[in-house]
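Understanding the architecture of this molecule
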Amino acid sequence: MVLASAAVAQESPAIGWTLLDQFDKPYTATSDLKVLLIAHDMAGSKLVKAALADRPEGYLDARHAAFVADISRMPAPISKLFAVPAMRDYAYRVLLDREPRVANRFPATVDAVTWLQLEQGKVVATRSYDSADALRQALERGAP
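Described in the following lines is the structure provided in the data block. (Residues numbered from 1 in each chain as written. Predicted model: local features only at pLDDT ≥ 70, side-chain atom pairs only at ≥ 80, totals over all residues. Heavy atoms only, no water.)

**Some thoughts on the pattern of salt bridges**
As a reminder of what qualifies: Any Lys or Arg side-chain nitrogen located within 4 Å of an Asp or Glu carboxyl oxygen qualifies as a salt bridge. Here's how the labels work: a residue is buried when its accessible area is under 20% of the maximum for its type, exposed when over 50%, partly exposed in between, all with a 1.4 Å probe on protein chains only.
Within this structure, the stated rule accounts for five salt bridges. For the salt bridge of Asp70 with Arg73, the shortest nitrogen-to-oxygen distance reads 3.6 Å. The class of Asp70 is buried, set by a relative accessible area of 11%. The exposed category is assigned to Arg73, whose relative accessible area is 59%.

As C-alpha cells, this is what we get:
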C-alpha cells in the first residue's frame with residue numbers, strides 16, 4: 001500500500017554523498033540515480049528484503065536505484081557481529097547509514113520504506129510503502 005504521495009522541493013541534494021555497503025565498498029550517489037529507497041527502521045528493511053526476494057543480483061542497479069538502511073540506532077556490537085554479516089548474503093547492495101548522514105535528510109514513515117524519485121539529483125516525488133508487494137510492483141514499473 002502506498003502511504004503518501006507528494007511532489008517535494010528538496011533543498012538537500014539527493015546525490016553527492018558516499019556510504020559504505022555491507023561489504024565495506026563505497027558507493028557514491030550520482031545524477032544517474034533515479035530511485036533512492038530508504039529504510040529508517042528494521043521494519044522498512046524487512047519490506048525491502050521481501051520485495052527483492054528472488055530478484056537477481058544487480059536488480060536495483062539495472063533500475064538506477066539504491067537502497068539505504070539507517071542503522072544509526074542499532075547498537076554497534078549488534079550491527080557489527082550480526083546484522084551486517086547477515087546482509088552479506090543478500091543479492092543486493094545495502095548502503096549502511098551508520099551516523100545517519102543521508103537518511104535523516106528525507107521524510108520517514110514508521111514501518112515503511114521511503115521511495116524518492118530523482119531527476120538530475122533532485123527529489124521530484126516521494127512515496128512511502130508499507131507493503132512488499134506494492135514496493136515490488138513499483139520497482140517493476142520503474143516509477144512509484
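Additional details are given in the paragraphs that follow.
**Topic: helix H3 (residues 76-87)**
Put simply, the test is: What counts as a helix is a DSSP run of H or I of at least four residues, what counts as a strand is a run of E of at least two, and both are numbered from the N terminus. The directions from the helix axis to the C-beta atoms form the arc being described. Contacts between residues were defined by any pair of non-hydrogen atoms, one from each residue, lying within 4.5 Å.
Among the residues of H3, those classed as buried are Ser79, Ala83, Val84 and Met87. Take H3 and look down its axis: the buried residues cluster within an arc of 90°, on one side only. Opposite the packed face of H3, turned more than 90 degrees from it, sit the exposed residues Pro77, Lys80, Leu81 and Phe82. Along its buried surface, H3 packs onto strand S6 (95-97).

**Let's talk about the side chain of Gln117**
Within the fold, Gln117 resides in strand S7 (residues 113-119). A relative accessible area of 14% means that Gln117 is categorised as buried.

**A short note on the packing of aromatic side chains**
Condition: Classification of ring pairs uses Phe, Tyr and Trp, with its six-membered ring standing for Trp, and accepts pairs whose centres are within 6.5 Å; under 30 degrees between planes counts as stacked, over 60 as edge-to-face, and the remaining range as tilted. A ring is scored as having a charge over it whenever the NZ atom of a lysine or the CZ atom of an arginine sits within 6 Å of its centre and within 35 degrees of its normal.
Applying the stated criterion to the full structure yields four aromatic pairs. When the centroid spacing of 5.1 Å and the interplanar angle of 25° are considered together, the rings of Tyr90 and Tyr92 count as stacked. Classification of Tyr90 as partly exposed rests on a relative accessible area of 24%. Ring pairing ties together the aromatic residues Phe67, Tyr90 and Tyr92, which thus form one cluster. The side chain of Arg63 reaches across the aromatic face of Tyr59, ending 3.7 Å from its centre.

**Quick notes on the side chain of Ser45**
As for its position among the elements, Ser45 is in helix H1 (residues 42-51). Judged by relative accessible area, Ser45 falls into the buried class, the value being 19%. Setting aside anything within four residues of it in sequence, one finds Ser45 in contact with Ala39, Phe67 and Ala69.

**Topic: the packing of H1 against helix H4 (residues 132-141)**
The packing of two helices is summarised by the inter-axis angle and the distance between the axes. What counts, and what does not: Angles here are taken between N-to-C directions and fall from 0 to 180 degrees, while the axes themselves are lines fitted to C-alpha atoms, restricted in helices to the stretch in contact. Under this scheme an angle from 65 to 115 degrees is roughly perpendicular, one under 35 degrees roughly parallel, and one over 145 degrees roughly antiparallel; angles in between are oblique. A clockwise turn of the near helix away from the far one marks a right-handed crossing, whereas an anticlockwise turn of less than a right angle marks a left-handed crossing. The residue classification treats Ala, Val, Leu, Ile, Met, Phe, Trp, Tyr, Cys and Pro as nonpolar and Asp, Glu, Lys and Arg as charged. All others, Gly included, are polar.
One way to put it is that H1 packs onto H4 with a least axis distance of 8 Å and a crossing angle of 55°. In terms of axis orientation, H1 runs oblique to H4. By crossing handedness, the relation of H1 to H4 is classed as right-handed. Residue-level inspection shows Leu47, Val48, Ala50 and Ala51 of H1 in contact with H4, the latter providing Ala132, Leu135 and Arg136. The class makeup of the residues in the contact of H1 with H4 is six nonpolar, no polar and one charged.

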